[in-house]
Structure formats: structure tokens, C-alpha cells
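# Survey of secondary and tertiary structure
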Amino acid sequence: MKVFAAELIGTLTLVLFGCGSAVLAGDQVGQLGIAFAFGLAIVAMAYGIGHISGCHVNPAVSFGAFIAGRMDGKTMLTYWLAQFIGATIGAGILFLIASGQNGYDVAVDGLGQNGWGTGYLGEYSLMAAIIFEVVATFLFLIVILGSTNLAAPTPMAGLSIGLTLTAIHIVGIQVTGVSVNPARSFGPALFAGGHAMSQLWLFLLAPLVGAGLAGMKARFGLLEKDPS
């Protein structure tokens, strides 16, 4: 239960702070500020709950750990359940806060949901969105699996992972809004509905593909230092 609660709270925080920066303060902080909000949320939770659950707060991270042989299937599903519930609660809290502003309309203003194509941020194509999400998640998991390796300086893992997520957002917000996390996409899409729900499939599948590739790389020892 401690692990379940930690993952729920961590994912809630990521959605509330990350998506909240876009919805509540996007005009003030801009794309760079939003990118840092996501990254700093991960840094904070890494040191807040990392000792309890490892601070996955992302089904793709748990899947990558499973493929790498660091987690069994039953535990992964427990993490997934906590993460999706946490993301939904976080999006719900954000929706309640945003709705307190006069004139806010989730159908018009959104809730930080992901997307692509005509009318969405940079209006990138479906192919561009797929490539970005797969590659970005792969690179994100390489950093996570490498930083948490026993041979790595693990006290710095939270910072390296958070800064990587920040960099991914700086590059990719205009492409897809940046998912690399199926739960982060699921929560806001539930409340935004419409187009966000019809495009959700990409943000559920593409991050898992990227995470799986990184997990295989770790499983075959390609992230291990050669013995001297």
C-alpha cells in the first residue's frame, strides 16, 4: 500500500504541476516555464517518494523496468493502476481549479492534453508525433535505467531524470505537448474529451514502444560498464 500510495501521489503531482503550469500559468511562464515545471515535479517526487517506490510515476517507466528484468508483471500492474488513478485525480483537481476562473471552458482552453495535427500547437503530422514520442521515451528511459544502475551515482539520479524530462519538453511541446507517459496523457484527456480522447491511443502506445526498446537494451547488458 505504501508503494501504491507513493505512485498515486507522485503521478498526481506530475499532472497537477506540469499540466497546471500550462493551463493556469502558460501565458506567464511560456514553453520554457512549462518544461521546467514538468522536470522539477519529477525531481521533487524523486527525492520525496523515490525511496518508497522508485518514483516511476509513469507506466512507460514501469514497463521499461519490467522488460529490463527489474520488476515482475504483477508489480508492474500495481504501479500502472496507481499511476492512472493518480493522473486522473491530478487532472480532476486541476479541472476544479481552472473552472474557478471566469470564462474558462475546458473544450476551448483545454487541460494540458496531448495531441497533434491541425489546430494543435505546432500542427505537426501524425508521423512526426509517433517518431517524437517513441524516440523521446526511449532516450528518457535510457537515462532512467542508466541513472538508477548500481554502478551509477544514484544520489544524482533524480536530478538527471528531471533535467532530461525538461529538455524533452523544451524540444517537443510544439510537436505533441509531450507525453512520454501514458498516465499523464490519460488524466487530462478524460476531462478534455473530444479530440483528446480520439488521439489518446498514440500516447498510450508510443511511449510503451520506446520504453520497451530501452528496457531490452538494459536487459541485454548494453547499459552495463564492461568489466575492467
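Numbers given to residues run from 1 along each chain, matching the order in which its sequence is written. In keeping with the predicted nature of the model, local features appear solely for residues at pLDDT of at least 70, side-chain atom pairs appear and are counted solely at 80 or more, and the whole-chain, interface and lining totals rest on all residues. Excluding hydrogens and water, the side-chain values take into account all heavy atoms of the structure.

Labelled according to an unreviewed UniProt entry, the protein chain appears under the name Aquaporin Z, originating from Hyphomonas oceanitis SCH89. UniProt positions are given in the numbering used here, feature names are shortened, and annotations may be inferred rather than shown by experiment. Recorded in UniProt for the protein chain, the comment headed Subcellular location (unreviewed entry) runs: "Cell membrane". Quoted straight from UniProt, the Sequence similarities (unreviewed entry) entry for the protein chain says "Belongs to the MIP/aquaporin (TC 1.A.8) family."

## Section: the UniProt feature "transmembrane region" (unreviewed entry) in the protein chain
When the UniProt feature table is mapped onto this chain, "transmembrane region" (unreviewed entry) is found at residues 35-57, 77-98, 124-145, 157-180 and 200-220. The distance separating the terminal C-alpha atoms of residues 35-57 is 17 Å; by composition the span is 83% helix and 0% strand. Split by type, residues 77-98 is 100% helix and 0% strand. Its first and last C-alpha atoms lie 31 Å apart. Secondary structure elements follow DSSP: runs of H or I of four or more residues count as helices, runs of E of two or more count as strands, with numbering from the N terminus.

## Side note on helix α1 (residues 2-53)
Between its terminal C-alpha atoms α1 stretches only 8 Å, short of the 76 Å expected from 52 residues at 1.5 Å a residue. A residue's bend is the angle separating two fitted axes: one through the seven residues that end there, the other through the seven that start there. Maximum bend of α1: about 140 degrees, positioned at Gly26. Following α1 by one or two positions, Gly54 has its phi on the positive side, about 90 degrees. To estimate how far a helix should extend, the number of its residues minus one is multiplied by 1.5 Å.

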